[in-house]
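# Structural overview
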Amino acid sequence: MSELLTAEGLHLHFGKVAALDDVALEIHPGEVVAIVGESGSGKTTLLRVLAGLMPPQQGQVLYAGEDVHAMGEAARRRLMRSDWGFVHQNPRDGLRLRVSAGGNVGERLMAAGARHYGNIRAEATEWLKRVEIDPARIDDMPLQFSGGMQQRLQIARTLVTRPKLVFMDEPTGGLDVSVQARLLDLIRALVADLGLAVLIVTHDIAAARLLAHRMLVMRRGQVVEQGLTDRVLDDPQHPYTQLLVSSVLAA
Amino acid sequence: MSHQEQGRPTQPAAPDRAAALGPHAIRTEGLSKDFTLHLQGGIRIPVLRGVDLAVAPGECVALAGPSGAGKSTLMRCLYGNYGAGSGHVWVRHDGREVDITSADAREVRAVRRDTLGYVSQFLRVIPRVATQQIVAEPLMARGVGREEAMAHAAALLKRLNLPAKLHGLPPATFSGGEQQRVNLARGFAPGYPVLLLDEPTASLDAANRDVVVALIAEAKRAGTAIIGIFHDTEVRDRVADRLFEVAPMQDAA
């Protein structure tokens, strides 16, 4: 099987509320999958469970054949440093605020084994350019950056080690619309260039259409519809998906 | 490219010889499509019933029928943009037939990358991406090198009378006709074995219509199977080998 990650029979309840109700999913190398749904549908919980940040009450998540929740903390951290990346909605959750922009990018390279200072700085400079941050600001602190720049810095920090699978939780969430468009283009180009597999959680249908090959629609902890992105959006079958699509302005 | 491997004659196919040309490039089998509008009390709108359409390599079939008969719906079903209620859409891809209606998302993507192109009426603009890049992208997705893809894109855009000074700009601010030509260049650039054209000349002037007619003729000679909706009957008569009638449901019943 060529799946990068598979999940089966995931259940997670918070009291009486089902955050995950028998969810299954797989993702292949190079595939961009969007998980959409309204707030409280369980989509962020699903992302956290898939990324090993939160255990399910039932079910299994396999990465390259290995059980993510059985592998132990150290192995999971190793995976986060090497094969995986996580882009948080709030860049401050994904950046080290007391470390310079260049340091934020270089630190992840060092964690992955890079040692030569000159090379690390050169690569960090290159990545700042790729995410459209002026390399002259390499020694500035993240808090001196705007929200959009912080998010681009977080993306550079995440992608510099060339992960195989990137989890993104509402990456354009707190940003102005004009800044969102720029960030989406950037993500779209980088994902295509690097051939990344991406699991992206978003409530932004237009963003999902632009980025994702495949889409899952979640409601009350269940996946109610899934398939090719343009088919789900243009020919939605489930009543909830029809409501979701009809509520969007010209997606 | 698979259409070259089928050893097709280089002459344009006469319509009555279509069946003799071997495997169809695309065919439907009992294709039906209803829409169920859950937000309008679950009302069901039947659009297509039992459609059997087969198109051979090198053949151009024009969909005919009144507005609202379901021509665009059929096109979208052929591309997999709409699912089917029942029946199949078989596309010859990579030496075998793939059913677009039941293939998984990754397989549909592969068919769209290598075999099946679709020129819709309107360009879905991707913010900030330059025109030439938009046209070159499907070529690069098929493994053509960046330089070659960009050169091919530029040549095709020029042929469609989009001057070089526009190639570096995103088409968001272009006129309707200019956007349509970007869309056409993107659709014709890769040389798909099957090409779907929804009103390809709707907002074009006479000179650009002629370019599109020539592009269609060249694609047919290269073995491309084409299905089109052409409201412009002059264009239709110049490119189509035959018509395929799509009847409104109340008439068909």
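Residues numbered from 1 in each chain as written. Chains lettered and ligands numbered in written order. Predicted model: local features only at pLDDT ≥ 70, side-chain atom pairs only at ≥ 80, totals over all residues.

## What about the overall build of chain B?
Selection criterion: Strands here are runs of E lasting at least two residues and helices are runs of H or I lasting at least four, both read from the DSSP assignment and numbered beginning at the N terminus. Exposure is read from a count of other C-beta atoms within 10 Å of each residue's own; the residue is exposed at 12 or fewer, buried at 20 or more and partly exposed in between. C-beta atoms are placed from the backbone. Whether two residues are in contact depends on their C-beta atoms, placed from the backbone: they are in contact if these lie within 7 Å.
Scanning chain B for helices and strands turns up 10 helices and 10 strands. Expressed as a percentage of its 253 residues, the buried residues of chain B come to 43%. In chain B, of all internal contacts separated by at least 6 residues, the share reaching a separation of at least 24 is 72%.

## Comments concerning the overall build of chain A
Filter applied, for reference: With the radius of gyration taken over C-alpha atoms, the globule rule is written as 2.2 Å times the number of residues to the power 0.38.
Summing up its helical and strand segments, chain A has 10 helices and 10 strands in all. For chain A, whose C-alpha radius of gyration is 18 Å, the value lies close to the compact-globule estimate of 18 Å for 251 residues. The principal-axis extent of the C-alpha atoms belonging to chain A is close to 55 × 45 × 35 Å. Counting every position in chain A, which comprises 251 residues, the buried fraction comes to 46%. Residue pairs at least 24 apart in sequence account for 65% of intrachain contacts in chain A once pairs closer than 6 positions are excluded.

## Digging into the interface of chain B and chain A
A common way to report how large an interface is uses the accessible area buried once the components associate. Rules: Gly is placed with the polar residues, together with every amino acid not listed as nonpolar (Ala, Val, Leu, Ile, Met, Phe, Trp, Tyr, Cys and Pro) or charged (Asp, Glu, Lys and Arg).
Each partner contributes to the interface: chain B provides 14 residues, whereas chain A provides 18 residues. When grouped by side-chain class, the residues that make up the side of chain B that touches chain A number seven nonpolar, four polar and three charged.

## Some thoughts on the sheet that holds strand S10 (residues 222-228) of chain A
Residues and elements named next belong to chain A. We count it as follows: Being paired, for any two strands, means DSSP has found at least two bridges between them. Axis lines are fitted through C-alpha atoms, for helices just across the contact stretch, and the angle between N-to-C directions can take any value from 0 to 180 degrees.
Reading across the sheet, the six strands line up as S6-S7-S8-S3-S9-S10 and stay open at both edges, with mixed pairing between neighbours. Sheet topology places strand S6 (84-87) and S10 at the edges, where each strand pairs with a single neighbour. Each adjacent strand pair in this sheet contributes to an overall mean axis angle of 15°, direction not counted. As defined by bridge partners, strand S3 (residues 32-36) adjoins strand S8 (residues 197-201) across four bridges and the pair is classed as parallel. For Val-33, the partnering residue across the bridge sits in S8 and is Leu-199.

## Some thoughts on the nonpolar core
Cut-off, in case you're wondering: In this description, a nonpolar core means buried residues of the types Ala, Val, Leu, Ile, Met, Phe, Trp, Tyr and Cys, linked to one another by C-beta atoms lying within 7 Å. Residue ranges labeled as domains rest on an automatic or database domain assignment.
Judged by nonpolar contacts, the single largest core of 136 residues is most densely connected at Leu-50 of chain A together with Ala-185 of chain B. Both domains that meet at this core, namely domain 1 (28-56 + 72-83 + 163-251) and domain 2 (95-162) of chain A, each give it at least three residues. What Ala-185 of chain B contacts, discounting residues up to four positions off in sequence, is Val-135, Ala-153, Leu-156, Leu-157 and Leu-160 of chain B.

## As for the domain arrangement of chain A
Residue and element names in this part refer to chain A. Segmentation of chain A into domains returns domain 1 (28-56 + 72-83 + 163-251) and domain 2 (95-162). A straight line from the C-alpha centre of domain 1 to that of domain 2 covers 24 Å. If you tally residues by element for the side of domain 1 that touches domain 2, the top one is helix H7 (residues 177-194), at seven residues. Within the side of domain 1 that touches domain 2, the residues separate by chemical class into 10 nonpolar, two polar and two charged.

## Concerning the packing of helix H4 (residues 101-111) of chain A against helix H5 (residues 117-130) of chain A
All names here are of chain A. Our working rule: We call two directions roughly parallel when the angle between them is under 35 degrees, roughly antiparallel when it is over 145, roughly perpendicular when it lies between 65 and 115, and oblique otherwise. Crossing handedness is defined as follows: a turn of the near helix away from the far one that is anticlockwise and smaller than a right angle gives a left-handed crossing, while the clockwise case is right-handed.
In contact at an axis separation of 9 Å, H4 and H5 are set at 120° when each is read in the N-to-C sense. Between H4 and H5, the angle is such that the two are oblique. As H4 packs across H5, the resulting crossing turns out to be right-handed. Contacts between H4 and H5 involve Ala-101, Gly-102, Val-105, Gly-106, Leu-109 and Met-110 on the former and, on the latter, Ile-120, Arg-121, Glu-123, Ala-124, Trp-127 and Leu-128. Classifying every residue of the contact of H4 with H5 gives eight nonpolar, two polar and two charged.

## Thoughts on helix H4 (residues 131-141) of chain B
All names here are of chain B. Taken residue by residue, H4 has Thr-131, Gln-132, Ile-134, Val-135, Ala-136, Pro-138 and Leu-139 as its buried positions. Elements that come into contact with the buried residues of H4 comprise helix H5 (146-159), helix H6 (164-167) and helix H7 (176-188). Backbone geometry just downstream of H4 places Gly-143 in the positive-phi region, at approximately 95°.

## Some points on the sheet that holds strand S5 (residues 66-67) of chain A
Sheet architecture is open: four strands sit in the order S2-S1-S4-S5 (chain A), paired in antiparallel fashion. The open sheet has two edge strands with one neighbour each: strand S2 (17-27) and S5 of chain A.

## Considering the pairing of S10 of chain A
All names here are of chain A. Where strand S9 (residues 214-219) and S10 come together, six bridges link them in antiparallel fashion. By the bridge assignment for S10, Leu-216 is matched with Gln-226. Counted along the chain from S9 to the antiparallel partner S10, the turn is two residues long, and its residue Arg-220 has a positive phi close to 50°.

## Some details on unusual backbone geometry
Backbone geometry places Arg-220 of chain A, a non-glycine residue, at a positive phi of 50°. Structurally, Arg-220 of chain A is set in the loop between S9 and S10. One non-glycine residue, Glu-199 of chain B, lies in the positive phi region at around 55°. Mapping Glu-199 of chain B onto the fold places it in the loop between strand S8 (194-198) and helix H8 (206-221). Residue classification places Glu-199 of chain B among the buried positions, given that 20 C-beta atoms sit within 10 Å.

## With respect to the environment of Phe-167 of chain A
All names here are of chain A. Here Phe-167 is to be found in strand S7 (residues 165-169). Given 24 C-beta atoms within a 10 Å radius, Phe-167 is considered buried. Distance from Phe-167 to Leu-47, taken between C-alpha atoms, is 7.1 Å for residues 120 residues apart in sequence. Beyond its immediate chain neighbours, meaning those up to four positions away, Phe-167 contacts Leu-47, Leu-50, Ala-51, Phe-86 and Leu-199.

## A closer look at helix H3 (residues 105-114) of chain B
The criterion, for reference: Note that the arc is computed from the directions linking the helix axis to the C-beta atoms.
If you check which residues of H3 of chain B are buried, you get Ala-105, Val-108, Val-111 and Arg-112 of chain B. In an axial view of H3 of chain B, the angular spread of the buried residues amounts to 120°, which keeps them on one side of the axis. Those residues of H3 of chain B that are buried are in contact with S9 and S10 of chain A together with strand S5 (86-93), strand S6 (96-99) and strand S7 (116-119) of chain B.

## A closer look at the pairing of S8 of chain A
All names here are of chain A. Rules: We call a crossover right-handed when, viewed with the strands running away from us, the connection from the first strand over the helix to the second turns clockwise.
Here S8 lies mainly inside the structure; five of its five residues are buried. Here S8 shows two buried faces, one formed by Ala-197, Leu-199 and Val-201 and the other by Val-198 and Ile-200. Direction of pairing for S7 relative to S8: parallel, over a ladder of five bridges. Note on S8: the bridge partner recorded for Asp-169 is Val-201. Once the chain exits S7 it traverses H7 before rejoining the sheet at S8, and the crossover so formed is right-handed.

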